[in-house]
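Analysis of the macromolecular model
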Protein chains: 2
Amino acid sequence: MFGDGFPDRQREEALRGAAEPLDGPRVEALAALASELGVWLVPGSVCELGEHGELFNTQIVLSPEGRLAGSYRKVFPWRPHEPYVPGDRFVVVDLDGIGRVGLNICYDAWFPETMRQLAWMGAEVVLNVVKTTTADRAQELVLARANAIVNQVFVVSVNCAGPTGMGQSIIVDPEGGVIAEAPDAEPTLLATDLDLAVVDHVRTNGTAGVNRMWSQFRPGEPAIPLPVYGGRIDPETWQPSNFS
Amino acid sequence: MFGDGFPDRQREEALRGAAEPLDGPRVEALAALASELGVWLVPGSVCELGEHGELFNTQIVLSPEGRLAGSYRKVFPWRPHEPYVPGDRFVVVDLDGIGRVGLNICYDAWFPETMRQLAWMGAEVVLNVVKTTTADRAQELVLARANAIVNQVFVVSVNCAGPTGMGQSIIVDPEGGVIAEAPDAEPTLLATDLDLAVVDHVRTNGTAGVNRMWSQFRPGEPAIPLPVYGGRIDPETWQPSNFS
């Protein structure tokens, strides 16, 4: 919706006209599609109409049974162009028998806190759905790899293809290696199997066989103060919820 | 000192033998060198003997007058191989008339919290001194760029050359562009002038002309909870100390 030449005000009006609550016909139709195909479906993000008339940029996860298994309201709207109200929480979703997915939208990836928080909540793969129409897709390719490396998770960053988007979707493994990448903005299908057990393997054996950042601390070590967050890295709680 | 084939215990003994307090002869000699040359000198890190016999991996900054202008004890030792006691705080140093430098050692760069905290403390350039002897230098090149991008700072990551180190030092601008890079482990001199005013320019005008992550929030917006840190991103305090 952005970088498309529309003045910001017209865009907001257009979005308001298209907004629906998550129990509206758009999500219902997408859920029916997931059910028909028998797949887990994350069809990008939708324009959600909130309980009080707010507009949210909301990523949804639909189950093979056609159930809305989870939703995430983008915490970092792309300002000033994106008129959405920010979400207030990060979301992971368990795909039964498969693993835990962290939800993440576009500009969120520019804030390393988002994927750090998701990894800590147990995400083994983060699905970053993107509509980047601008030259900064170059930076996003670096960030996809870095976010994978520091958190030892898979990162799937799916960007809109041309002519509107810059394409260059990328799938990264927990050591930062590129599994698949669209070279340009041409419409492309990237299909791959992710072995989520690799996450635990890398964390246990180390990135490049050496670095185990989630196993950094020894019992009783003091917390590391992080005034930027009014918080800290606390050795007592420094591990993803599903890694020990 | 690491990845050099020494068993860990011998290494600790060797380090203990070489450790000195920061007012010892090693730092004194380096300070004399800075004074003789009339330069700001950051000669990697030294093995510091602490007040209670602890060993710290400590980066030092020496002024053109031969003064110890600042020191930083590595917060994230490279475990299990590195026997140092972790530091307990992050450090920036003002170079009179030049700008503010954030100090950072090697494995610190694998924790995005370190450079985030330094940028928030006003660092315009982060000096990451490295002795990486292992294959994970590949990941560190990605992280140097990502740490620059998300914080909109210069990152200078200076790695030890061969035969011990993997070389590949890199200097990155606040948009993640590579200013200079050693292609391999051969000893190399990288010399460049950094225009630190670019930091403010990029933050004001946006990375790639669009992204202004330090200007994300509007007055009165709620904080974003980050349970991973027992903290939050607070719009009231979300800006580097020297950027407004």
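Everything below is about the structure shown above.
Let me begin by describing the structure that accompanies this report. Quick caveat: nothing in here was measured; it's all calculated off a predicted structure.

Okay, a nonpolar patch on the surface next. All names here are of chain A. A cluster of nonpolar residues, Leu 33, Leu 37 and Val 39, forms a patch on the protein surface that exposes about 230 Å² of accessible area. Relative to the helices and strands, Leu 37 resides in helix H2 (residues 25-37). Under the relative-accessibility criterion, Leu 37 is labelled exposed at 51%.

The subject of this paragraph is helix H4 (residues 137-151) of chain A. An ideal rise of 1.5 Å per residue puts 21 Å on 15 residues; H4(A) measures up with 21 Å between its terminal C-alpha atoms. Where burial is concerned, most of H4(A) is hidden: 13 out of the 15 residues are buried.

This part takes up the sheet that holds strand E2 (residues 55-62) of chain A. By way of backbone hydrogen bonds, the strands of a sheet pair with one another, either parallel or antiparallel. Residue and element names in this part refer to chain A. Strand order in the open sheet made by the three strands is E1-E2-E3, with antiparallel pairing throughout. Each edge of the sheet is formed by a strand with only one pairing partner; in this case those strands are strand E1 (45-49) and strand E3 (68-73). Mean inter-strand twist for the sheet, computed between neighbouring axes without regard to direction, equals 40°. Of the strand pairs in this sheet, E1 and E2 are connected by five bridges, and their pairing is antiparallel. In the sheet register, Leu 49 faces E2, and the bridge partner there is Leu 55. Together, E1, E2 and E3 form the strand contacts of H2, whose direction differs from that of E2 by roughly 20°.

For these two chains of identical sequence, chain A goes onto chain B by a turn of 180° and a shift of 0.0 Å along the axis, with RMSD 0.0 Å. This pairing of chains is accounted for by a two-fold axis. Among all residues of chain A, the minimum C-alpha distance to the rotation axis is found for Gly231(A), at 2.1 Å. A shared interface surface links the copies, since 100% of the contact residues of chain A are contact residues in chain B too.

How each quantity is defined
Residues numbered from 1 in each chain as written. Chains lettered and ligands numbered in written order. Predicted model: local features only at pLDDT ≥ 70, side-chain atom pairs only at ≥ 80, totals over all residues. Heavy atoms only, no water. Patch = residues over 30% accessible without salt bridge, like charges linked within 9 Å, V, L, I, M, F, W, Y side chains within 5 Å. Areas by Shrake-Rupley, 256 points an atom, 1.4 Å probe, with all protein chains shown as cover. Salt bridge = Lys/Arg side-chain N within 4 Å of Asp/Glu carboxyl O. Helix = DSSP H or I, 4+ residues; strand = E, 2+ residues; numbered from the N terminus. Buried < 20%, exposed > 50% of the residue type's maximum accessible area, 1.4 Å probe, protein only. Expected span 1.5 Å × (residues − 1). Pairing = 2+ DSSP bridges. Axes fitted to C-alpha atoms, helices over the stretch in contact; angles between N-to-C directions. Contact = heavy atoms within 4.5 Å. Least-squares fit on C-alpha atoms with pLDDT ≥ 70 in both.

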